[in-house]
Amino acid sequence: NGDGNKNEALEKEFAAWQSKVGIDKDSIYASLSPIEGYALKFREVIDPFYSDFFLSEEQQEVHFAIMEEEWNIDKIEAEKALEERRAMKEGDLLATNPPLEKLQYQRQLYLREKSRLRAKKKRRKLTGENWINKIDGRTKLPFFYNEDTGEAVWEKPQILLEMEAEKMALDKFWNAMPLKPLV
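Source: prediction; values computed, not measured.

*Asks:* So what exactly am I meant to see when it comes to unusual backbone geometry here?
*Replies:* When glycine is set aside, most residues are seen to have a negative phi, and most peptide bonds are trans. One non-glycine residue, Lys140, lies in the positive phi region at around 60°. With respect to the helices and strands, the residue Lys140 is situated in the loop between strand E1 (131-135) and strand E2 (142-146). Overall, Lys140 belongs to the exposed group, its relative accessible area being 59%.

*Asks:* What's the story with the packing of aromatic side chains in this structure? I'm lost.
*Replies:* What characterises a pair of aromatic rings is the spacing of the ring centres plus the angle enclosed by the ring planes. Scanning the model with the defined rule gives two aromatic pairs in all. Geometrically, the ring pair formed by Tyr38 and Phe42 is tilted, given 6.5 Å between the ring centres and 35° between the ring planes. Placement of the pair is Tyr38 and Phe42 together in helix H3 (residues 34-46), with a separation of four residues, close to one helical turn. On the numbers, 6.0 Å between centres and 70° between planes, the contact of Phe143 with Trp154 is edge-to-face. Taken together, the positions of Phe143 in strand E2 and Trp154 in the loop between strand E3 (152-153) and helix H7 (158-171) put the pair eleven residues apart, joining distant regions of the chain. Accessibility expressed as a relative area gives 15% for Phe143, which makes it buried. The ring of Tyr145 is capped by Lys134, whose NZ or CZ atom sits 4.6 Å from the centre of that ring.

*Asks:* Looking at this model, I keep getting lost on the pattern of salt bridges. Mind explaining?
*Replies:* It is possible for side chains of opposite charge to pair when their charged atoms get near one another. In the structure shown here, the tally under the stated rule is six salt bridges. Between Glu129 and Arg123 there is a salt bridge; the shortest N-O distance is 2.7 Å. For Arg123, a relative accessible area of 39% corresponds to the partly exposed category. Taking the shortest distance from any N to any O, the salt bridge between Asp171 and Lys167 comes out at 3.5 Å. Residue Asp171 and its partner Lys167 are located together in helix H7, separated by four residues, close to a single helical turn.

*Asks:* So what exactly am I meant to see when it comes to the pairing of E2 here?
*Replies:* Taken residue by residue, a regular strand's side chains alternate between the two faces of the sheet. Relative to E2, E1 is paired through five bridges, and the arrangement is antiparallel. Opposite Ile135, over in E2, you have Pro142 as the bridge partner. The hairpin formed by E1 and E2 contains six residues between the paired strands, and Lys140 there has a positive phi angle of roughly 60°. One ladder, built from two bridges, connects E2 with E3; its direction is antiparallel. By the bridge assignment, Phe144 is partnered in E3 with Val153. Where E2 folds back on E3, the antiparallel hairpin that results is connected by five residues, among which Gly150 adopts a positive phi of roughly 80°.

Parameters and conventions
Residues numbered from 1 in each chain as written. Predicted model: local features only at pLDDT ≥ 70, side-chain atom pairs only at ≥ 80, totals over all residues. Heavy atoms only, no water. Helix = DSSP H or I, 4+ residues; strand = E, 2+ residues; numbered from the N terminus. Buried < 20%, exposed > 50% of the residue type's maximum accessible area, 1.4 Å probe, protein only. Phe/Tyr/Trp six-rings, centres within 6.5 Å; stacked < 30°, edge-to-face > 60°. Lys NZ or Arg CZ within 6 Å of the ring centre and 35° of its normal. Salt bridge = Lys/Arg side-chain N within 4 Å of Asp/Glu carboxyl O. Pairing = 2+ DSSP bridges.

See below:
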């Protein structure tokens, strides 16, 4: 019981000192290890801004601000129209109003160009033309880059190997034709 009485006496002495002096942060920080000091600073400075209470309170403030503001649709539409006119006047936005008889022709032009680009991309894929050889800036080693898909590989792509095998077969009069036919 001697230790219990001693601890109680120390607790009372500490409480009396603390009530007289107040909380002395410097002495508390001085008694902490560096990790404990960092943890205490973290809890005091950073943690309050990411706590559930802070976020819910912040969300409530945003919600109330939105609820107080009444949306005026007519005003928003007028501002939008004004901004569009300004953009057209400054050349930032192109606006056309083609006659109805030209719309079908423009649609056909668009579809034809889209089809041509799709066929060109497919031809590049089948012939391996979409792969280019580049040099890595950091390692200065060559790699292969697919311009259509953005893919980058260190080894030569399979399509390029197959195309080289076919070219060699043509040069050697089909004696070196690979077993897998090209399709």
